[in-house]
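Below, each chain spelled out in residue letters.
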Amino acid sequence: MIIGIDPGLSGAVCLLDGDRLEVFDLPTTERVVNGKTKQQLDLHSLTNDLRCCPLAQIRFVLIEQVSAMPGQGVTSSFNFGFTAGAIHGVVVALGFPLRTVHPQVWKREFGLLKQPKDASRAEASRRFPQHADQWPLKKHDGRAEAALIALFGSMMDN
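All values reported here derive from a predicted model rather than from experimental measurement. (Residues numbered from 1 in each chain as written. Predicted model: local features only at pLDDT ≥ 70, side-chain atom pairs only at ≥ 80, totals over all residues. Heavy atoms only, no water.)

A short note on the overall build of the chain
When its secondary structure is counted, the chain shows five helices and seven strands. Along the chain direction, N to C, the helices and strands of the chain fall in the order β-β-β-β-β-α-β-α-β-α-α-α. Computed over its C-alpha atoms, the radius of gyration of the chain comes to 15 Å, within 12% of the 15 Å expected for a compact globule of 158 residues. Across its three principal axes, the chain shows a C-alpha extent of roughly 50 × 35 × 25 Å. (Helix = DSSP H or I, 4+ residues; strand = E, 2+ residues; numbered from the N terminus. Rg over C-alpha atoms; globule rule 2.2 N^0.38 Å.)

Details of the packing of helix α4 (residues 117-127) against helix α5 (residues 141-156)
Running from N to C, α4 and α5 point in directions that differ by 55°, and their axes come no closer than 8 Å. Taken together, the axis directions place α4 and α5 in an arrangement best described as oblique. Of the two possible hands of crossing, α4 and α5 adopt the one that is left-handed. In this structure, α4 contributes Lys117, Ser120, Arg121, Glu123, Ala124 and Arg127 to the contact, and α5 contributes Asp141, Ala144, Glu145, Leu148 and Leu151. Of the residues belonging to the contact of α4 with α5, the class tally is four nonpolar, one polar and six charged. (Axes fitted to C-alpha atoms, helices over the stretch in contact; angles between N-to-C directions. Parallel < 35°, antiparallel > 145°, perpendicular 65-115°, else oblique. Left-handed = near helix turned anticlockwise from the far one by under 90°. Contact = heavy atoms within 4.5 Å. Nonpolar A, V, L, I, M, F, W, Y, C, P; charged D, E, K, R; others polar.)

Structural notes on the packing of aromatic side chains
This structure, assessed with the given rule, holds one aromatic pair. A cation over a ring is seen here: Arg99 above Phe60, with NZ or CZ 3.9 Å from the ring centre. (Phe/Tyr/Trp six-rings, centres within 6.5 Å; stacked < 30°, edge-to-face > 60°. Lys NZ or Arg CZ within 6 Å of the ring centre and 35° of its normal.)

Remarks on the nonpolar core
Ranked by size, the top nonpolar core spans 24 residues in total, and within it Cys14, Leu16, Leu21, Trp106, Phe110, Phe128 and Trp135 carry the most contacts. Mapped by element, the contributors of at least two residues to this core are β2 (12-17), β3 (20-25), β6 (60-64), α4 and α5. Examining the composition of this core, we find that eight residues originate from one element, α5, more than from any other. If you look at the next biggest cluster of nonpolar residues, it comprises 20 residues, including Val13, Ile58, Ala86 and Leu94. (Core = buried A, V, L, I, M, F, W, Y, C linked by side-chain atoms within 4.5 Å. Buried < 20%, exposed > 50% of the residue type's maximum accessible area, 1.4 Å probe, protein only.)

Considering the side chain of Thr83
With respect to the helices and strands, the residue Thr83 is situated in helix α2 (residues 74-93). In this structure Thr83 comes out as buried when scored by relative accessible area, which is 6%. Contact partners of Thr83, with chain neighbours within four places excluded, come to Gly8, Leu9 and Leu41.

Brief notes about the state of the cysteines
Within the structure shown, the criterion is met by zero disulfides. Left without a disulfide partner, Cys14 is nearest to the cysteine sulfur of Cys53, which lies 11 Å away. Cys53 takes part in no disulfide bond, and the closest cysteine sulfur to it belongs to Cys52, at a distance of 6.8 Å. (Disulfide = S-S within 2.5 Å.)

Quick look at the sheet that holds β6
Across a sheet, strands are paired by hydrogen bonds formed along the backbone, either parallel or antiparallel in direction. Taken together, five strands build an open sheet; the order of strands is β3-β2-β1-β6-β7 and the sheet is mixed. Single-partner strands in this sheet number two, and they are β3 and β7 (98-101). Strand-to-strand, the axes of this sheet are offset by a mean angle of 20°, without reference to chain direction. With four bridges joining them, strand β1 (residues 2-6) and β6 adopt parallel strand pairing. Bridging from a neighbouring strand, Gly4 pairs with Leu62 of β6. (Pairing = 2+ DSSP bridges.)

This is the structure we're talking about:
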């Protein structure tokens, strides 16, 4: 089994084991900061979700290597980096082998460089037609990207 993770609060996790594919959104929880409700990664739920995967069956977890995006504010960049780092921490704490991949690398493999997010949904549907119902809405692009990251991991491991 290979686990692909698209980090970020709208990201997702994909468990890919041969033809078996399971995708779920990264769990979030709400917190109030200065009177405003904010979303944050729910570390306990993510840990519990991943703990269900038997360690012996996991070849590795492949996480997209993220960086600050041009035009993104300081607070947003910090929160995005914190979320990605927390995901790495959960994976390592569970004892899963960890690998990372730059988005340009896996997206180039699937012809997605400089393409809109919807292109990831279309490509994932083409590669996994029996699972296209897992990313039906535009907001589910993270699910499709997690599936493609896991698929890229399976291709690089062969």
